[in-house]
Every structure is written in C-alpha cells, then in structure tokens.
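For reference, the chains in residue letters:
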Amino acid sequence: MSSHHTALNRRILLAARPHGRPVPADFRLDTQPMPVPGEGQVLLRTLYLSIDPYMRNLMDEVGPGYAPPIAIGAPLVGGTVSRVVRSRHPGFQAGELVLAQAGWQEHTLSDGSDLQPLGDMARPSLALGGLGMPGFTAHVGLLDIGQPRPGETVVVAAATGAVGSVVGQIAKLKGARVVGIAGGADKCRHAVEELGFDACLDRHDPRLAQHLAEACPQGIDVYFENVGGEVLDAVLPLLNVNARVPVCGFIAHYNDTLAAAGTDRLPRLLATVLQKRVRLQGFIILDHYGERFERFQREMGEWVAAGRIKLREEVVDGLEQAPAALIGLLDGRNFGKLVVKVAPD
Ligand SMILES: NC(=O)c1ccc[n+]([C@@H]2O[C@H](COP(=O)([O-])OP(=O)(O)OC[C@H]3O[C@@H](n4cnc5c(N)ncnc54)[C@H](OP(=O)(O)O)[C@@H]3O)[C@@H](O)[C@H]2O)c1
C-alpha cells in the first residue's frame, strides 16, 4: 500500500551518529502526516533520491564545512528528482518535474527557491548523475583544474562511479591516456570495454602500486583524487613534474574514526607537492554553479546524446532501501551512479 493512499509521508531520519562504518541502527524509518502546502508553497513527491558519498560526511557531528551536519532526528539530506503534486506557488504547476533537495522522504514542501524545472527528460534520474552534480564535478575538476593535454596520462579511481566514469571519458575525449582504478574485475572490464579507458586496475590487488607503475610508463600528469588511501600511496611516486591533482574527495577515509586513522601520511604528501611543484587544488562544486553549469550542461548534453559519453546507473527500489544503499556505496558495492527509486515516474 502506498503512502499516497493512506496520506502518510515516510521519511528516513538520522537516529545516531555512526562510529566508523554506518550501520542500519543509525537510521530510523518514520511516518508522519502528509504535509500540506501553504500559500507560496508546493508539495513535492520524490521520484528519485540520489545517494552520494557526502551524505556520510554530513552524518558526523563535525561536518565538512560546506554544509551543516544533519541533526539527530532530522531526515537525511539529498538531491532528488521530484514531481510537483500540489502547487500554491505561481511559478510551478502540478505535474511538473523538478530537481529538488527533498532529502530522504517521500514528500516534502518547498517555497520554490531550491527547485530547478527539469522539463521533459527521457531519463530524469540522470539529472542526479552524469547530467547533474556528479557529472558537473567531473567536468569542473578535470577541465578547470586538471587541464589534461593530448598524450598526457590521467589517473582516476572509483573509475566506474558517478564522478570517476565521467572524468575518464572526458579525459579520453581530450586525447589523454586514461588509467582507471576500480573495485573488482567486472568494474575494470566495464571501464575499458564500455567507457574506453586505456587500462583499469583492481584496487584490491595487493600489487596495485606495481601495476600502476607499469600502466603509467610516462608517469602521471593528472591525478583526479576521489579516494585517498592506498590509491594515493600508489600514485604519489609516479606524479610528474607540474602534475595537477584536483582534490575532489577521499572516500577511503570517510568511515575512519580518529583511532583508526593510522600512519600519518601528511609529511610525505607535502614533500611530494613541494618537490614536484604539484598543483593540488581542492574544490567544492557548490561554488561553480551559474554560467559554468550552463556550459557543462551544453557539452555533456551533446556528448551523451552523441553516445560519446555513457552513463551507467544503479537503481535501487524503495525509500526503505536507502540506508543499505549508502552503506553499500561506502563499501564500493555500487556499480555506476547510485539512485533510489522512491516512486514510479
Ligand atoms: N568536491 C566535490 O564537490 C564533490 C562532488 C561530488 C563527489 N565528490 C567526491 O567524489 C568521489 C566519488 O563520488 P561519487 O559520487 O562518484 O561516488 P561513486 O564513485 O559512484 O561511489 C563511491 C565509490 O568509491 C569507491 N570506494 C569506496 N571505498 C573506497 C576505498 N576504501 N578506496 C578506494 N575507493 C573506494 C567505490 O568504488 P570501487 O569499489 O570501484 O573502488 C565506490 O563505488 C567521492 O570522494 C565524493 O566525496 C566530491
């Protein structure tokens, strides 16, 4: 029975702050009465909920700085493709599809300020993936910071994921040699055979560092940093003079507790940055919207329509599956951009 018929709204709340890897008890399924839009508001139904690594960061008491931590007892945050089901807002009509920040809930209210009309899209969920925030992150990080030139070597891990898969494919379009790193043989095969990477290495292989050196005989010019950890260890000795390292994320450490942080790698990292004159630049995609986003939408739209960039998604059914989906993403179990289908299109 759907909540629509019983006029109830299901949400998933943060029940407890995770110690290390999140567990199901850190989340709580909650039911509340269906919210009713006031003047100037719309009622949204979530069709697709994006599951992204940053959600883990926002579950901690001290957040990453660019967004406030989620309060205990509050719904988890998240980007959504939502349908306007009732509108008391002059700018939106019932039935319209929008990009929203509805979070982990079936319905929510909005005053419209956070909504982007999506129009008619063949695959609306792509607005959460390759045609949305993760794709934009790849585009900005690679082109504005990484700046790969033809013939250079680009390395990216989480290579079949939402960001990494787009990074590698754009780098190929720009004439670079692309080496991916991913979890397992299936993902590596996909990266080479479907996405067109020159090589892809299994991050679980104990000889990763040696294989990476063999796959990058000319060294590494651009390392798009998604993961940190052992991949970064393997990359550092191979960075060329004037290499560029867009620092996008370090998911290998998102479940770290202070006690488990391990050997301090900072001195080695700083030494490499200094000695190799590496431009190591962090960025937060929220800073880049506006005109830069329009350019991304134009270019990606064309590449995807022409089949030059392929976007793979993993769609999980039902809001109640969202916690397991996020836990799985942090374990590397997703294959492609992870979204939860909350209600039928
Ligand atoms: N700076 C920004 O504004 C911004 C915006 C979006 C995303 N990001 C960052 O971009 C990165 C990728 O995000 P995404 O949305 O594209 O997620 P994703 O790649 O679709 O999913 C996460 C992947 O990370 C990999 N992974 C998990 N644990 C790992 C470990 N210990 N070592 C190495 N890899 C591990 C897994 O892939 P394998 O098992 O295949 O390795 C997993 O599938 C994350 O670090 C995220 O925080 C940053």
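In the block above lies the structure referred to throughout.
Residues numbered from 1 in each chain as written. Predicted model: local features only at pLDDT ≥ 70, side-chain atom pairs only at ≥ 80, totals over all residues. Heavy atoms only, no water.

Enquirer: Could you clarify how one ought to interpret the overall build of the chain in this entry?
Expert: Within the chain one finds 10 helices and 15 strands. Computed over its C-alpha atoms, the radius of gyration of the chain comes to 21 Å, within 12% of the 20 Å expected for a compact globule of 345 residues. When the backbone C-alpha atoms are referred to their principal axes, the chain occupies close to 60 × 45 × 35 Å. Looking at the chain residue by residue over its 345 residues, the buried ones come to 50%. Across the chain, contacts joining residues at least 24 apart in sequence account for 67% of those joining residues at least 6 apart. Element-wise, carbon and sulfur atoms account for 53% of the exposed surface of the chain, whose accessible area totals about 15700 Å². (Helix = DSSP H or I, 4+ residues; strand = E, 2+ residues; numbered from the N terminus. Rg over C-alpha atoms; globule rule 2.2 N^0.38 Å. Buried < 20%, exposed > 50% of the residue type's maximum accessible area, 1.4 Å probe, protein only. Contact = heavy atoms within 4.5 Å. Areas by Shrake-Rupley, 256 points an atom, 1.4 Å probe, with all protein chains shown as cover.)

Enquirer: Hey, could you run me through the nonpolar core in this one?
Expert: In a soluble, globular protein the nonpolar side chains are often hidden away together inside. Of all hydrophobic cores here, the largest spans 33 residues; its most connected members are Leu142, Val154, Val167, Ile170, Phe197, Phe224 and Met300. Per-element tally for this core: the top contributor is helix α3 (residues 133–146), with 6 residues. Apart from the residues lying within four places of it in its own chain, the contact partners of phenylalanine 197 are Val156, Ala159, Gly164, Ser165, Gly168, Gln169, Val178, Val179, Gly180, Ala191 and Val192. (Core = buried A, V, L, I, M, F, W, Y, C linked by side-chain atoms within 4.5 Å.)

Enquirer: Looking at this structure, I do not really get the sheet that holds strand β12 (residues 239–247). What am I missing?
Expert: Pairing between the strands of a sheet is mediated by backbone hydrogen bonds and can be parallel or antiparallel. The sheet built from 6 strands is open, its strands ordered β10-β9-β8-β11-β12-β13 with parallel pairing. At either end of the open sheet lies a strand with only one pairing partner, and these are β10 (199–202) and β13 (279–282). For this sheet, the mean angle separating the axes of adjacent strands, direction not counted, is 15 degrees. Examined bridge by bridge, strand β9 (residues 177–182) and β10 share 4 bridges and lie parallel to one another. From the neighbouring strand, isoleucine 181 faces β10, where its bridge partner is leucine 201. The strands that helix α4 (residues 162–173) touches are β8 (153–157), β9 and β11 (220–224); relative to β8, the one it contacts most, it runs at about 170 degrees. Sheet strands touched by helix α5 (residues 185–193): β9 and β10. Its angle to β10, the strand with the most contacts, is close to 170 degrees. (Pairing = 2+ DSSP bridges. Axes fitted to C-alpha atoms, helices over the stretch in contact; angles between N-to-C directions.)

Enquirer: Could you clarify how one ought to interpret the site of the ligand in this entry?
Expert: The immediate surroundings of the ligand are formed by 26 residues, with Val163, Arg203, Asn226, Tyr254 and Asn334 found nearest. Here valine 163 contributes a backbone N or O atom positioned 2.7 Å from an oxygen atom of the ligand. Asparagine 334 is positioned such that a nitrogen or oxygen atom in its side chain is 2.5 Å from an oxygen atom of the ligand. Burial of the ligand by the protein chains amounts to 91% of its free accessible area of 910 Å². Put simply, the parts of the chain that give the shell around the ligand at least two residues each are α3, α4 and α10 (322–330). Residue composition of the shell around the ligand, grouped by class: 17 nonpolar, 7 polar and 2 charged. (Near = heavy atom within 4 Å. Polar contact = N/O pair within 3.5 Å; in protein donor to acceptor, adjacent residues only side chain to side chain. Nonpolar A, V, L, I, M, F, W, Y, C, P; charged D, E, K, R; others polar.)

Enquirer: I would appreciate a short explanation of empty space enclosed by the protein in the present structure.
Expert: A water-sized probe rolled over the atoms picks out the places where empty space is left. Across all of its chains, the model carries 1 cavity of 30 Å³ or more by this definition. If you add up the space inside the largest cavity, you get close to 50 Å³. Here the lining of the largest cavity is composed, by residue class, of 3 nonpolar, 4 polar and 3 charged. (1 Å grid on protein atoms, 1.4 Å probe; cavity = no way out; pocket = protein on both sides within 12 Å on 5 of 7 lines; lining within 4 Å. Points joined across faces, edges and corners; volume = space filled by probe spheres on them.)

Enquirer: Even after reading the chapter, I still don't get the pairing of strand β3 (residues 42–50), so can you show me in this structure?
Expert: The buried fraction of β3 is high, at 8 of 9 residues. One ladder, built from 7 bridges, connects β3 with strand β4 (residues 80–87); its direction is antiparallel. When the sheet's bridge partners are listed, tyrosine 48 is paired in β4 with valine 81.

Enquirer: How should a nonpolar patch on the surface be read in this particular structure?
Expert: A surface patch of nonpolar side chains, amounting to about 290 Å² of accessible area, comprises Tyr66, Leu286 and Tyr289. Tracing the chain through its elements places leucine 286 in the loop between β13 and α9 (291–305). (Patch = residues over 30% accessible without salt bridge, like charges linked within 9 Å, V, L, I, M, F, W, Y side chains within 5 Å. Salt bridge = Lys/Arg side-chain N within 4 Å of Asp/Glu carboxyl O.)

Enquirer: Hey, could you run me through the packing of α3 against α4 in this one?
Expert: If you want to describe how two helices pack, look at the angle between their axes and the distance between the axes. It is at 8 Å that the axes of α3 and α4 come closest, and there the two elements cross at 45 degrees. Classified by the interaxial angle, the pair formed by α3 and α4 is oblique. Crossing of α3 against α4: the hand is right-handed. Along its contact with α3, which presents Pro134, Gly135, Thr137, Ala138, His139, Leu142 and Leu143, the element α4 presents Ala162, Val163, Val166, Val167, Ile170 and Ala171. Grouping the constituent residues of the contact of α3 with α4 by class yields 10 nonpolar, 3 polar and no charged. (Parallel < 35°, antiparallel > 145°, perpendicular 65-115°, else oblique. Left-handed = near helix turned anticlockwise from the far one by under 90°.)

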